Amino acid sequence: MPHELINIQDTGMGVAPELVPLKIHHPSSTVRSFLAILTESIYAGIEREPQNWFHPSEWSRVNALKVEKRRKEFVLGRCACKLATSAYLEEPHLEHLVINAGIFGQPILRFLSNHHPELSITHTDTVALAVASEQGCPIGLDIEKLTDRNTDFLAEHITQRDLRLLAGLTPNVNHAYFRAWTIKEALSKVLRCGITIPFALLELEPPTLIDANSFYCEYRNFPQYRCYSWSLGQYLIAIVAPRNVSLEVDADILFSRLVP
Ligand SMILES: CC(C)(COP(=O)(O)OP(=O)(O)OC[C@H]1O[C@@H](n2cnc3c(N)ncnc32)[C@H](O)[C@@H]1OP(=O)(O)O)[C@@H](O)C(=O)NCCC(=O)NCCS
């Protein structure tokens, strides 16, 4: 089941939320993990029938969000996370899978089960990704949409060394900045620190090319983690996993979900 493209369930809203095939292997075992993606096309349906997706306590939190962009990102992120978790736990009732925020803002599951997965969420204004992975194998996700917006605000976080390492693998400096940013943000989620630490600490090691759109790299100060980075159309996606597992994502399916 995890390695096929599957429909988790039909929510009755005419949209079949889907997973992107994700395989994580440790030398001695396969790590149970699910990656879900949702785009804004499903948003109106969720808002119409929130009871199919949210526990009342979660929906009150949604209703407290006054900025429309934040509300939409939060809803899509939570729903992607519920879909990944639903597949992980084989629990069809999304509204029973309450995704709270931990003390650092990280997603935490509240559910009657002692097999809780680790969770990670990322969103832009139109797309959200979430992963549910076996406890003890933390995964960090990040997505950014490439724009020609000014990258000055990234200059203090991305070092000249980072830029040099990415120079041959990225079409321009703007791309290199955003790519390095996603690679660092994904690690900051695994570490739970977010942008509260100088991202210069999260310097990259030389990347290894996988194919024209992807590479993986490690981190100078956090050698226990490895990041897989994809450039898919306008989107940059980074997934961080412990270095001693191998991770494969079906990038063609991921891309087709990003740009339906
Ligand atoms: C983690 C962080 C870098 C993500 O930045 P962003 O630009 O909002 O990026 P994304 O859309 O990719 O990710 C957002 C999701 O990351 C998750 N997240 C937030 N803080 C997190 C943390 N410390 N660790 C792991 N995941 C975290 C949340 O699920 C969030 O989505 P939600 O709020 O809708 O649930 C940023 O939110 C951050 O720095 N948070 C930390 C703040 C902090 O530590 N405060 C101190 C509290 S004591």
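Keep in mind that this is a model prediction, so the values were computed, not measured. (Residues numbered from 1 in each chain as written. Predicted model: local features only at pLDDT ≥ 70, side-chain atom pairs only at ≥ 80, totals over all residues. Heavy atoms only, no water.)

Asker: Report on the overall build of the protein, specifying residues and quantitative values.
Answerer: Helix and strand counts for the protein stand at six helices and 14 strands. A compact globule built from 260 residues would reach a C-alpha radius of gyration of about 18 Å, and the protein, at 18 Å, matches this within 12%. With respect to the principal axes defined by its C-alpha atoms, the protein has extents near 50 × 45 × 35 Å. Counting every position in the protein, which comprises 260 residues, the buried fraction comes to 54%. Put simply, 55% of the contacts in the protein that link residues at least 6 apart link residues at least 24 apart. Accessible surface for the protein amounts to roughly 11,700 Å². Of this, 52% is attributable to carbon and sulfur atoms. Put simply, the protein has 24 plus and 29 minus side-chain charges, and the middle of one group is 4 Å from the middle of the other. (Helix = DSSP H or I, 4+ residues; strand = E, 2+ residues; numbered from the N terminus. Rg over C-alpha atoms; globule rule 2.2 N^0.38 Å. Buried < 20%, exposed > 50% of the residue type's maximum accessible area, 1.4 Å probe, protein only. Contact = heavy atoms within 4.5 Å. Areas by Shrake-Rupley, 256 points an atom, 1.4 Å probe, with all protein chains shown as cover. Lys, Arg positive; Asp, Glu negative; His and termini not counted. Charge placed at Lys NZ, Arg CZ, Asp CG, Glu CD.)

Asker: Account for the sheet that holds strand β13 (residues 235-242), naming residues and giving values.
Answerer: With antiparallel pairing, the five strands of this open sheet are ordered in space as β9-β13-β12-β11-β10. Edge strands, defined here as strands with exactly one partner in the open sheet, are β9 (140-145) and β10 (208-211). The mean angle between the axes of side-by-side strands here comes to 20°, regardless of whether they run parallel or antiparallel. Note: β10 against strand β11 (residues 214-218), three bridges, orientation antiparallel. Residue pairing for β11: Leu-209 is matched across the bridge by Phe-215. Packed on one face of the sheet, helix α6 (residues 251-258) meets β9, β12 (225-232) and β13 and runs near 55° to β12. (Pairing = 2+ DSSP bridges. Axes fitted to C-alpha atoms, helices over the stretch in contact; angles between N-to-C directions.)

Asker: A description of the site of the ligand should follow, citing residues and the corresponding values.
Answerer: The environment of the ligand is made up of 20 residues, and the closest members are Arg-70, Arg-78, Thr-122, Lys-189 and Ile-195. At 2.8 Å, a side-chain N or O of Arg-70 approaches an oxygen atom of the ligand. In the environment of the ligand, a nitrogen atom lies 3.0 Å from a nitrogen or oxygen atom belonging to the backbone of Arg-192. Across the complex, the protein chains shield 72% of the 880 Å² of accessible surface that the ligand would expose by itself. Residue assignment for the shell around the ligand shows that the elements contributing at least two residues are α3 (68-89), β7 (118-123) and α5 (173-190). Partitioned by chemical class, the residues of the shell around the ligand number seven nonpolar, seven polar and six charged. Formed jointly, the shell around the ligand draws a minimum of three residues from each of two domains, domain 1 (18-137) and domain 2 (147-224). (Near = heavy atom within 4 Å. Polar contact = N/O pair within 3.5 Å; in protein donor to acceptor, adjacent residues only side chain to side chain. Nonpolar A, V, L, I, M, F, W, Y, C, P; charged D, E, K, R; others polar. Domains from an automatic or database assignment.)

Asker: Outline the nonpolar core, listing residues and values.
Answerer: Within the largest apolar cluster, 32 residues are counted, with the highest numbers of intra-cluster contacts made by Ile-46, Trp-53, Phe-54 and Val-75. At the level of secondary structure, the elements contributing two or more residues to this core comprise β4 (33-39), α1 (43-48), α2 (56-63), α3, β7 and β8 (127-133). (Core = buried A, V, L, I, M, F, W, Y, C linked by side-chain atoms within 4.5 Å.)

Asker: I'd love a proper account of the packing of α2 against α3, names of residues and values included.
Answerer: Contact geometry for α2 and α3: axes closest at 10 Å, N-to-C directions at 155°. Considered as vectors, α2 and α3 are oriented roughly antiparallel to each other. Residue-level inspection shows Glu-58, Trp-59, Arg-61, Val-62 and Asn-63 of α2 in contact with α3, the latter providing Arg-71, Phe-74, Val-75, Arg-78 and Lys-82. By residue class, the composition of the contact of α2 with α3 is four nonpolar, one polar and five charged. (Parallel < 35°, antiparallel > 145°, perpendicular 65-115°, else oblique.)

Asker: Before we move on, could you go through the domain arrangement of the protein and cite the residues and values that matter?
Answerer: Domain boundaries assigned for the protein yield domain 1 (18-137) and domain 2 (147-224). Placing the centre of domain 1 and that of domain 2 at their C-alpha centroids yields a distance of 25 Å.

Asker: Kindly report on the environment of His-26, identifying the contributing residues and their values.
Answerer: Its location among the elements puts His-26 in strand β2 (residues 22-26). Through-space distance from the C-alpha of His-26 to that of Asn-244 is 6.6 Å; in sequence the pair is 218 residues apart.

Asker: Describe α2, naming the residues involved and giving the relevant values.
Answerer: For an α-helix, the turn length of 3.6 residues means that residues three or four places apart are oriented alike. Looking only at α2, the buried set comprises Glu-58, Trp-59 and Val-62. Down the axis of α2, the buried side of the element spans an arc of 100°, and every buried residue falls inside it. Summarising the contacts, the buried residues of α2 are in contact with α1, α3 and β5 (98-101). (Arc of directions from axis to C-beta.)

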